[in-house]
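Residues per chain are reported as follows:
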Amino acid sequence: MGSEEPYMSTSMHDKFQISHMRSEHWEKVANIYSEGIATGNATFETKVPTWEQWDQSHLPFARLVAIAGDEILGWAALTPVSKRSAYAGVADVSVYVDSRARAQGCGRTLLNALIAESEANGVWTLQASIFPENVASLELHRKAGFRDVGRRERIGKLNGVWRDTLLLERRSGITGVDKYDKL
């Protein structure tokens, strides 16, 4: 799959396509990330990292953008949950959609493509840590097969306030240990 080719086209949503994220997408991706940070309900982060920082902290595969024309409507990516080899097939999910593109299937399409990419790369467990107030994200993940694992009370502070998160998890549909051996 070449980086110039779309990852996939959506038959339900011909308004956008899903493509692999490239460094030249970063400015628009960072703007969407900043918008999510500003809501106070998307992440514990308080500032957008540089491309280099973001690039180093995310897995090299499953970095996706939803594009309509020359506009990026959203993005999705994976971060490893641990550096320990036993957790090589476990990744944390990020999905962010521009406020103008919400409730149009963009997040669902990005998350489904991210799931497919993760499984193609041997990831057997996806997890998402979501603020309870982020109802739309919780609904999105649950519809994609994530299940509630538990509530992490006072797990971190955001702007000086303790916040809870709900931990959701999705196990891969892949069968066979061989798929995991390439990690």
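Look up: the structure comes first, before these words.
Residues numbered from 1 in each chain as written. Predicted model: local features only at pLDDT ≥ 70, side-chain atom pairs only at ≥ 80, totals over all residues. Heavy atoms only, no water.

Peer 1: Would you explain the pairing of strand β5 (residues 90-97) in this entry?
Peer 2: Remember that side chains alternate between the two faces of the sheet whenever the strand is regular. In terms of burial, β5 is a largely internal element, eight of the eight residues being buried. Residues Val90, Asp92, Ser94 and Tyr96 line one face of β5 and the alternating positions Ala91, Val93, Val95 and Val97 line the opposite face, and both faces are buried. The parallel pair β5 and strand β6 (residues 125-130), bridged by helix α3 (residues 106-120), forms a crossover whose chirality is right-handed. (Buried < 20%, exposed > 50% of the residue type's maximum accessible area, 1.4 Å probe, protein only. Helix = DSSP H or I, 4+ residues; strand = E, 2+ residues; numbered from the N terminus. Right-handed = clockwise from strand over helix to strand, strands pointing away.)

Peer 1: It is not clear to me how α3 should be interpreted in this structure. Could you clarify?
Peer 2: Owing to its 3.6 residues per turn, the α-helix aligns residues three or four sequence positions apart on the same side. Taking 1.5 Å of rise per residue, the 15 residues of α3 would be expected to cover 21 Å, and the 21 Å separating its terminal C-alpha atoms lies within 8% of that figure. Of the residues making up α3, those classed as buried are Cys106, Gly107, Thr109, Leu110, Leu111, Ala113, Leu114, Ile115, Glu117 and Ser118. Count one or two residues on from α3 and you reach Gly122, which has phi positive near 80°. (Expected span 1.5 Å × (residues − 1).)

Peer 1: Would you take a moment to explain the packing of aromatic side chains for this structure?
Peer 2: The geometry of two aromatic rings is summed up by the distance between their centres and the angle between their planes. Counted according to the given criterion, the structure contains eight aromatic pairs. With centroids separated by 5.5 Å and ring planes inclined at 25°, the aromatic side chains of Trp51 and Trp54 adopt a geometry described as stacked. A residue pair is termed a helical-turn pair when its members lie 3 or 4 positions apart in one helix, as Trp51 and Trp54 do in helix α2 (residues 51-57) at three residues. Geometrically, the ring pair formed by Trp75 and Tyr96 is stacked, given 4.9 Å between the ring centres and 10° between the ring planes. With Trp75 in strand β4 (residues 71-80) and Tyr96 in strand β5, the pair connects residues that are 21 residues apart, well separated along the chain. This pair shows no difference in class: Trp75 is buried, exactly as Tyr96 is. Members of the aromatic cluster, connected to one another through ring pairs, are Trp26, Tyr33, Trp51, Trp54, Trp75 and Tyr96. Cation over ring: Arg163 sits above Phe131, and NZ or CZ is 4.0 Å from the ring centre. (Phe/Tyr/Trp six-rings, centres within 6.5 Å; stacked < 30°, edge-to-face > 60°. Lys NZ or Arg CZ within 6 Å of the ring centre and 35° of its normal.)

Peer 1: Explain the pattern of salt bridges to me, please; I cannot follow it from the model alone.
Peer 2: Pairing is possible between side chains that carry opposite charge, provided their charged atoms lie close to one another. Per the stated rule, a full pass over the model turns up 11 salt bridges. As a salt-bridge pair, Glu133 and Arg163 come within 3.1 Å of each other at their nearest N and O atoms. Of this pair, Glu133 sits in the loop between β6 and α4 (135-143) while Arg163 sits in strand β8 (residues 161-171), placing them 30 residues apart in sequence. Assessed through its relative accessible area of 46%, Glu133 is described here as partly exposed. Each of Arg147, Glu169 and Arg171 takes part in salt bridges that share partners, so that together they form one network. (Salt bridge = Lys/Arg side-chain N within 4 Å of Asp/Glu carboxyl O.)

Peer 1: Got a minute to help me understand the nonpolar core in this structure?
Peer 2: What tends to happen in soluble globular proteins is that the nonpolar side chains get buried as a cluster. Core analysis: the largest hydrophobic core is formed by 31 residues, its most contacted members being Leu78, Val93, Leu110, Leu111, Leu114, Leu126 and Phe146. Taken together, the elements giving at least two residues each to this core come down to β3 (64-68), β4, β5, α3, β6, α4 and β8. When residues no more than four places from it in sequence are discounted, the contact partners of Val93 are Ala77, Leu78, Leu111, Leu114, Leu126, Gln127, His141 and Phe146. With 15 residues, the next largest nonpolar core counts Val29, Ala30, Ile37 and Ile67 among its residues. (Core = buried A, V, L, I, M, F, W, Y, C linked by side-chain atoms within 4.5 Å. Contact = heavy atoms within 4.5 Å.)

Peer 1: Explanation requested: unusual backbone geometry in the structure shown.
Peer 2: Most of the time, phi is negative for any residue but glycine, and the peptide bond is trans. One non-glycine residue, Ala103, lies in the positive phi region at around 60°. Inspection of the secondary structure puts Ala103 in the loop between β5 and α3. A positive phi angle, near 55°, is found at Asn159, a position not held by glycine. The topology assignment puts Asn159 in the loop between β7 (147-158) and β8. Residue Asn159 is classed as exposed on the basis of its relative accessible area, which comes to 65%.

Peer 1: Would you take a moment to explain the side chain of Arg63 for this structure?
Peer 2: Mapped onto the fold, Arg63 is located in the loop between α2 and β3. At 3.0 Å, the side chain of Arg63 and the backbone oxygen of His58 are in polar contact. Of note is the side chain of Arg63, whose polar atom sits 2.6 Å from the backbone oxygen of Leu59. Excluding anything up to four places from it in sequence, Arg63 contacts Ser19, His20, Met21, Trp51, Trp54, Asp55, His58, Ala76 and Ala77. (Polar contact = N/O pair within 3.5 Å; in protein donor to acceptor, adjacent residues only side chain to side chain.)

So yeah, pure geometry; function would need other evidence.
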